[in-house]
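Now for the letters of each chain:
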Amino acid sequence: LKFLCYSNDGVDEHMIWLIGLKNIFGRQLPNMPKEYIVRLVMDRSHKSMMVIRHNQVVGGITYRPYYSQKFGEIAFCAITADEQVKGYGTRLMNHLKQHARDVDGLTHFLTYADNNAVGYFVKQGFTKEITMDKERWQGYIKDYDGGILMECKINLKLPYTDLAT
Ligand code: ACO
């Protein structure tokens, strides 16, 4: 099992994984237009943290880091149907937090969570209370009325992945 983060960099293997992830999002997020999913997953300013098992994508999180603002916007998050509720979603988020902090230099995440995924995000440390100053994020993230805006503050020191990878 591997947790790898790539954007559309033209490397064949990464492209195959990103296409697999795009297909998982298409099935798991039926309210999202397919063209919109492809556009963001393939957009070079977005990155995707992916769970890879036997060289196949099991799920992932696509996000856009805003480096100057030090926060990331999570656009899509999903695990393939037959692998849900086995802990992959939690491990994925932990790897994302570690990468966002140590590689991207981010301190927070924002996401518009679907109503039925709020429980998952709460378990990952997200809150409906937004503590970042509005000037820091307003105008950067897209308004989206199909969900609830949630925030996660990334812990500065916590080893998110060392204990249980
Ligand atoms: N509602 C409430 N709790 C949930 C949900 C949910 N939809 N999904 C998982 N959980 C809980 C689990 O029960 C578990 O709790 P526990 O630690 O007490 O046992 C905990 O969250 C973590 O579960 P994991 O097994 O790590 O989660 P999983 O691998 O299933 O991944 C995910 C969670 C990504 C939400 C997955 O179920 C999924 O793909 N769902 C369909 C797509 C979806 O809703 N994606 C999010 C949309 S919002 C967005 O993309 C910005």
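Given the structure is predicted, the values throughout are model-derived calculations rather than measurements.

## Observations regarding helix H1 (residues 12–28)
For step 1, the next point in the chain: Between its first and last C-alpha, H1 extends 24 Å over 17 residues, near the 24 Å set by a 1.5 Å rise per residue.
For step 2, the next point in the chain: Within H1 the residues assigned to the buried category are His-14, Trp-17, Leu-18, Leu-21, Ile-24, Phe-25 and Gly-26.
For step 3, the next point in the chain: Looking at the buried residues of H1, the elements they touch are strand S1 (2–6), helix H2 (34–42), strand S2 (47–53), strand S3 (56–66) and strand S4 (71–79).

## Details of the packing of aromatic side chains
For step 1, the next point in the chain: Counted by the stated rule, this structure contains 9 aromatic pairs.
For step 2, the next point in the chain: With centroids separated by 5.1 Å and ring planes inclined at 35°, the aromatic side chains of Tyr-66 and Phe-71 adopt a geometry described as tilted. The pair Tyr-66 / Phe-71 is uniform in exposure class, with both members buried.
For step 3, the next point in the chain: Through a chain of ring-to-ring contacts, three or more aromatic side chains come together here, namely Phe-25, Tyr-36 and Phe-76.

## Focus: the site of the ligand
For step 1, the next point in the chain: Surrounding the ligand, one finds 23 residues, the nearest of these being Cys-77, Val-85, Gly-87, Thr-90 and Asn-116.
For step 2, the next point in the chain: Taking Gly-87, its main chain carries an N or O atom lying 2.7 Å from an oxygen atom of the ligand.
For step 3, the next point in the chain: A distance of 2.7 Å separates a nitrogen atom of the ligand from a polar atom in the backbone of Asn-116.
For step 4, the next point in the chain: Surface burial for the ligand is 74%, taken as the share of its 950 Å² of free accessible area covered by protein chains.
For step 5, the next point in the chain: Contributions of two or more residues to the shell around the ligand are made by S4, helix H3 (88–104), strand S5 (108–113) and helix H4 (118–123).
For step 6, the next point in the chain: A total of 5 residues in the shell around the ligand trace back to one element, the largest contributor, which is S4.

## Topic: the packing of H1 against H2
For step 1, the next point in the chain: Two numbers describe how H1 lies on H2: the axes approach to 10 Å, and their chain directions differ by 150°. Considering how the two elements wind past one another, H1 and H2 form a crossing that is right-handed. Residue-level contacts link Met-15, Leu-18, Ile-19, Lys-22, Phe-25 and Gly-26 of H1 to Lys-34, Ile-37, Val-38, Val-41 and Met-42 of H2.
For step 2, the next point in the chain: Taken together, the residues that form the contact of H1 with H2 break down as 8 nonpolar, 1 polar and 2 charged.

## Concerning the environment of Val-118
For step 1, the next point in the chain: Summarising the element assignment, Val-118 is placed in helix H4.
For step 2, the next point in the chain: For Val-118, a relative accessible area of 11% puts it in the buried group.
For step 3, the next point in the chain: Separated by 31 residues in the primary sequence, Val-118 and Leu-149 have C-alpha atoms spaced 9.7 Å apart.
For step 4, the next point in the chain: If we skip the residues at most four places from it in the chain, Val-118 touches Ala-113, Lys-128, Ile-148 and Met-150.

## A closer look at the sheet that holds S4
For step 1, the next point in the chain: Across the sheet, which stays open at both edges, the 6 strands sit in the order S1-S2-S3-S4-S5-S6 with mixed pairing between neighbours. Both edges of this open sheet fall to S1 and strand S6 (148–153), since each of them pairs with a single strand only. On average, each strand axis in the sheet is inclined to that of its neighbour by 25°, with strand direction left out of account.
For step 2, the next point in the chain: Here S3 pairs with S4 via 8 bridges, running antiparallel. Pairing of Gly-60 across the sheet is with Ala-78, part of S4.
For step 3, the next point in the chain: H1 rests against S1, S2, S3 and S4 of the sheet, and its axis sits at about 90° to S3.
For step 4, the next point in the chain: Here H3 sits on the sheet in contact with S1, S2, S3, S4, S5 and S6, set at roughly 135° to S2.

## Points about the side chain of Thr-62
For step 1, the next point in the chain: Residue position: Thr-62 is located in strand S3.
For step 2, the next point in the chain: Discounting residues that sit within four places of it in the chain, Thr-62 has contacts with Leu-21, Phe-25, Leu-40, Val-41, His-46, Lys-47, Ser-48, Glu-73, Ile-74, Ala-75 and Phe-76.

Calculation notes
Residues numbered from 1 in each chain as written. Predicted model: local features only at pLDDT ≥ 70, side-chain atom pairs only at ≥ 80, totals over all residues. Heavy atoms only, no water. Helix = DSSP H or I, 4+ residues; strand = E, 2+ residues; numbered from the N terminus. Expected span 1.5 Å × (residues − 1). Buried < 20%, exposed > 50% of the residue type's maximum accessible area, 1.4 Å probe, protein only. Contact = heavy atoms within 4.5 Å. Phe/Tyr/Trp six-rings, centres within 6.5 Å; stacked < 30°, edge-to-face > 60°. Near = heavy atom within 4 Å. Polar contact = N/O pair within 3.5 Å; in protein donor to acceptor, adjacent residues only side chain to side chain. Areas by Shrake-Rupley, 256 points an atom, 1.4 Å probe, with all protein chains shown as cover. Axes fitted to C-alpha atoms, helices over the stretch in contact; angles between N-to-C directions. Left-handed = near helix turned anticlockwise from the far one by under 90°. Nonpolar A, V, L, I, M, F, W, Y, C, P; charged D, E, K, R; others polar. Pairing = 2+ DSSP bridges.

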